[in-house]
Amino acid sequence: MWYCTSCVNLSSEIFTLLGEKRSSAEKIGGRLSGLVKRYLFDTDALIDEYLTDQLLLPLALAGGGAFSARVISEHSKTQAWLIEQFLPVAITFDAIEDEQILVRITC
């Protein structure tokens, strides 16, 4: 297993990638560095695509909030729709810049 950590703007991110049969260590390392480069893309967004969907429910239960995200995945869109079916909230995704999206949860 390969792993790498990155600390940017008082936040920490851990990247992992498992080796595969018939794949060289250099190839796996190259793929891992690609993940890190994508994360460090020149943006001021606070949250990555894997944490976005996990923040929606706590913010909806807490009464709302907002944060900036790098990318909105289909999973995040589905999670937002599902939360709106059960709670009296509205979840919107508004593009601020090229690689930055404002996620707003309002009650």
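Residues numbered from 1 in each chain as written. Predicted model: local features only at pLDDT ≥ 70, side-chain atom pairs only at ≥ 80, totals over all residues. Heavy atoms only, no water.

Some thoughts on the nonpolar core
Argument step 1. Counting 13 residues, the largest nonpolar core has Leu 56, Phe 67, Ile 83, Val 89, Ile 91, Val 103 and Ile 105 as the members making the most contacts within it.
Argument step 2. Ranked by the residues each element gives to this core, the list is headed by strand β5 (residues 100-106), at 3 residues.
Argument step 3. Beyond its immediate sequence surroundings of up to four residues, Val 103 is in contact with Thr 52, Leu 56, Gly 65, Ala 66, Phe 67, Ala 69, Ile 72, Thr 92 and Phe 93.
Argument step 4. Counting residues in hydrophobic clusters, the runner-up holds 5 residues, among them Phe 15, Leu 17, Ile 28 and Leu 32. (Core = buried A, V, L, I, M, F, W, Y, C linked by side-chain atoms within 4.5 Å. Buried < 20%, exposed > 50% of the residue type's maximum accessible area, 1.4 Å probe, protein only. Helix = DSSP H or I, 4+ residues; strand = E, 2+ residues; numbered from the N terminus. Contact = heavy atoms within 4.5 Å.)

Describing the packing of helix α2 (residues 49-62) against helix α3 (residues 74-86)
Argument step 1. It is the contact of α2 with α3, at a shortest axis distance of 9 Å, that shows an interaxial angle of 10°. Comparing the axis directions of α2 and α3 gives the class roughly parallel. Of α3, the residues touching α2 (which contributes Glu 49, Thr 52, Asp 53, Leu 56, Leu 57 and Ala 60) are His 75, Ser 76, Gln 79, Ala 80 and Ile 83.
Argument step 2. When the residues that make up the contact of α2 with α3 are grouped by side-chain class, the tally is 5 nonpolar, 4 polar and 2 charged. (Axes fitted to C-alpha atoms, helices over the stretch in contact; angles between N-to-C directions. Parallel < 35°, antiparallel > 145°, perpendicular 65-115°, else oblique. Nonpolar A, V, L, I, M, F, W, Y, C, P; charged D, E, K, R; others polar.)

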